Amino acid sequence: MRGRGGARGSRTPSAPWSRLKPVELDPLEAMGLPSKGDSRLLDFKTQERYYTKIVERYMTFCSDAGERDELLRRFASLDLSSSSNDENPSTNSATGTIQLIPNLHSIPATISSNTKALSDVLSALRKLREGIVASKRVDDFAIQVYLFCIRLSVLVKHPESYHPAILHLLRRIQPLHSMTSVEISEVVGYLVLDTACRRNNLAEAFAARHKYQLRDAKVDAVLDALAHDNYMEFNRLKRRVDGHKAKLLEYAEEGMRKHLLKCFGRAYLSVDLNFLEVCAGSKWANLTTDDGVGWELDGGKVVIRKVKGR
């Protein structure tokens, strides 16, 4: 009995317990924010490997969309703009994860995974930017990361990401490590348009253009259209600029169109429906539902005001 008891006490398992599967961490989520105490992204090599994973994840997101139109639809479906009270992005302070709340009325059920993928990319870029700032890195790699972050954030209309990135790139990195003239023109163009369209501060936009000596005919034309409340010219320019700048112009589009409709209300008793739709750049159904137009439609004519009989 003693021998059997001793044998039982000295027995060891032949293999480790395998009932619980090891947790597979997402490589983008595994990293923490440097501001929260995670110092791994202070290492330059780690930063470069992490950036490679970010780009791979973004390329997967783009390839999953397939066609160009589908990719543009997915970007358009992700409303991350802070101008909407119902669809604001929130941030988990513990993990630094940006929670993206899409427009549920316009996004099909299959878009949720795409929203998560883009959320992971933006959150990872925030961590990487913090690591670059904390490590005081100023080189071509830092410029490349910031340009990628700015371009992606502009496309999804997330000013909380692109605005501080633009300022840091122009104020901290550029004076110590010069960018190319094309890169400077691109970033300053975003800053000027964001100031004019999203922040609605034309004076500061003109000041920024003068400070950084921006020479961009299309940006100049947009500022001129905004200054003169010329919605038709503004809408024409929106179709001519590149996709990134067009996203920034969207911030001012609603206000410009409503100003145009107020001018119609003061100047006309009635107008042709086609003429109104061409000037407003929107169909009658959208004008009534989205812009709150309460005029009457009488065949092919829109009755704005009725003359009261004496």
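No experiment lies behind these values; they were computed from the predicted model shown. (Residues numbered from 1 in each chain as written. Predicted model: local features only at pLDDT ≥ 70, side-chain atom pairs only at ≥ 80, totals over all residues. Heavy atoms only, no water.)

### Comments concerning the overall build of the protein
For step 1, the next point in the chain: When helices and strands are tallied, the protein shows 14 helices and 5 strands.
For step 2, the next point in the chain: When the 310 residues of the protein are sorted by exposure, 44% land in the buried category.
For step 3, the next point in the chain: Contacts in the protein between residues far apart in sequence, at least 24 positions, make up 62% of those at least 6 positions apart.
For step 4, the next point in the chain: As presented, the protein carries roughly 18000 Å² of accessible surface, and 51% of it is formed by carbon and sulfur atoms. (Helix = DSSP H or I, 4+ residues; strand = E, 2+ residues; numbered from the N terminus. Buried < 20%, exposed > 50% of the residue type's maximum accessible area, 1.4 Å probe, protein only. Contact = heavy atoms within 4.5 Å. Areas by Shrake-Rupley, 256 points an atom, 1.4 Å probe, with all protein chains shown as cover.)

### Description of the environment of Y268
For step 1, the next point in the chain: Mapped onto the secondary structure, Y268 falls in the loop between helix 12 (243-267) and strand 3 (270-272).
For step 2, the next point in the chain: Placed 37 residues apart in sequence, Y268 and R305 show a C-alpha to C-alpha distance of 7.6 Å.
For step 3, the next point in the chain: Not counting the four nearest positions on each side in its chain, Y268 is found in contact with F275, I304 and R305.

### Concerning the packing of helix 8 (residues 181-198) against helix 10 (residues 217-227)
Two packed helices can be described by the angle between their axes and the distance between those axes.
For step 1, the next point in the chain: Contact geometry of helix 8 with helix 10 gives a least axis separation of 11 Å together with a crossing angle of 10°. When the axis of helix 8 is compared with that of helix 10, the two are roughly parallel. Seen from helix 8, the contacting residues are G189, V192, L193, A196 and C197; seen from helix 10, they are V219, V222, L223 and L226.
For step 2, the next point in the chain: Here the residues of the contact of helix 8 with helix 10 sort into 8 nonpolar, 1 polar and no charged. (Axes fitted to C-alpha atoms, helices over the stretch in contact; angles between N-to-C directions. Parallel < 35°, antiparallel > 145°, perpendicular 65-115°, else oblique. Nonpolar A, V, L, I, M, F, W, Y, C, P; charged D, E, K, R; others polar.)

### Here's the deal with unusual backbone geometry
Working note: non-glycine residues mostly have negative phi, and peptide bonds are mostly trans.
For step 1, the next point in the chain: If you check the backbone angles, K157 has positive phi at about 55° while not being a glycine.
For step 2, the next point in the chain: Along the chain, the position of K157 falls in the loop between helix 6 (140-155) and helix 7 (159-173).
For step 3, the next point in the chain: Its identity as a non-glycine residue notwithstanding, Q213 has a phi of 55°, on the positive side.
For step 4, the next point in the chain: Structurally, Q213 can be placed in the loop between helix 9 (202-211) and helix 10.

### Some words on the confidence of the model for the protein
For step 1, the next point in the chain: Residue-level pLDDT values for the protein average 83, and 76% of them are 70 or greater.
For step 2, the next point in the chain: Confidence drops under pLDDT 50 across residues 81-111; counting only partners more than four residues distant or on other chains, this segment forms 58 contacts. (pLDDT = per-residue confidence, 0-100.)

### Details of the sheet that holds strand 5 (residues 301-303)
For step 1, the next point in the chain: Strand order in this open sheet of 3 strands is 3-5-4, and the pairing throughout is antiparallel. Either end of the sheet is taken by a strand with one partner, and the two such strands are strand 3 and strand 4 (296-298). For this sheet, the mean inter-axis angle between neighbouring strands, taken without regard to orientation, is 25°.
For step 2, the next point in the chain: Examined bridge by bridge, strand 3 and strand 5 share 3 bridges and lie antiparallel to one another. Bridging from a neighbouring strand, V271 pairs with V302 of strand 5.
For step 3, the next point in the chain: Docked against the sheet, helix 13 (residues 273-280) engages strand 3, strand 4 and strand 5, running at close to 80° with respect to strand 3. (Pairing = 2+ DSSP bridges.)

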